[in-house]
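# Structural overview
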Amino acid sequence: MNRRRILKSSVGIAVALSLPALASAKPAKVEVWKSPDCGCCKTWLKHLEAQGIGVGTIHDIGNAGARQALGIPVKLGSCHTAKIEGYAIEGHVPAREIKRLLKEKPTAIGLAVPGMPLGSPGMDGPDFDNQTQPYDVLLVLKDGSTRVYQSYFR
């Protein structure tokens, strides 16, 4: 009986002590490298914020150096590069896939949507005549190879 009370007390204390840490944990924010004049990059960032992904530091200096530093192969390049919780995000990756990446935590460099496909976040809506084209979100593995993480409009 005493052991049960002690165990319950210990669990209660552990939970109580962890609550402030959980409450103060801030959600991850993306750090972004882009051109200062790129409108689709700004729209992609609005998409992320609307989906609950915070935007941190924005570097308006272009993204080639960041892409290389984060290990994204040039062939997967797009107009902006981001970093969140140690993962690289290249191009117009939907917030849904970033959230999935952060939840699943695969051993990978990150995600990429090569080019600027119509219909992807930031390349969508009336500014693009609501056009869409099929595209894949690629999981970029540590060796630079890729596999399809999610397909859109197929």
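Each residue is numbered by its place in its chain's sequence as written, counting from 1. This being a predicted model, a pLDDT of at least 70 is required before a residue's local features are given, and a value of 80 or more before pairs of side-chain atoms are given or counted; all residues contribute to the totals for chains, interfaces and linings. Here the side-chain values reflect all heavy atoms present in the structure, with hydrogen atoms and water set aside.

### Looking at the packing of aromatic side chains
- Stacked, tilted and edge-to-face pairs are distinguished by plane angle, under 30 degrees for stacked and over 60 for edge-to-face with tilted covering the rest, among Phe, Tyr and Trp rings (Trp via its six-membered ring) whose centres lie within 6.5 Å. Taken as a whole and assessed by the stated rule, the structure comprises three aromatic pairs.
- Aromatic side chains Tyr 135 and Tyr 152 sit 5.1 Å apart centroid to centroid with 5° between the ring planes, which places their arrangement in the stacked category. Of this pair, Tyr 135 sits in strand β6 (residues 135-140) while Tyr 152 sits in strand β7 (residues 146-152); the two residues are 17 residues apart in sequence, bridging distant segments of the chain.
- Relative accessibility decides the category of a residue: with a 1.4 Å probe and only protein chains considered, values under 20% of the type maximum give buried, values over 50% give exposed, and everything between is partly exposed. Assessed through its relative accessible area of 14%, Tyr 152 is described here as buried.
- Of the aromatic side chains, those joined through ring pairs into one cluster are Tyr 135, Tyr 152 and Phe 153.
- Lying across the ring of Tyr 149, Arg 100 places its NZ or CZ 3.7 Å from the centre. Each helix corresponds to a stretch of at least 4 residues labelled H or I by DSSP, and each strand to a stretch of at least 2 residues labelled E; elements are numbered beginning at the N terminus. Remark: a charge is flagged as sitting over a ring if the NZ atom of Lys or the CZ atom of Arg is within 6 Å of the ring centre and within 35 degrees of the ring normal.

### Overview of the confidence of the model for the protein
- The predictor attaches a confidence to each residue, and that confidence, scored 0 to 100, is pLDDT. Scored by pLDDT, the protein has a mean of 88; 84% of the residues are at 70 or more.
- We call two residues in contact when some of their heavy atoms are within 4.5 Å. With pLDDT under 50 throughout, residues 5-24 is counted as low confidence; its partners more than four residues away or in other chains account for zero contacts.

### Structural notes on the sheet that holds strand β4 (residues 87-91)
- DSSP bridges decide pairing: two strands pair if at least two such bridges lie between them. Strand order in this open sheet of seven strands is β2-β1-β3-β4-β5-β6-β7, and the pairing throughout is mixed. Each having just a single partner strand, β2 (54-59) and β7 make up the two edges of the open sheet. Neighbour-to-neighbour, the strand axes of the sheet open up by a mean angle of 25°, direction not taken into account.
- Strand direction decides the pairing type here: β6 and β7, joined by six bridges, are antiparallel. Bridging from a neighbouring strand, Val 137 pairs with Gln 150 of β7. Note on definitions: angles span 0 to 180 degrees between N-to-C directions of axes, and those axes are lines fitted to C-alpha atoms, for helices only across the stretch in contact.

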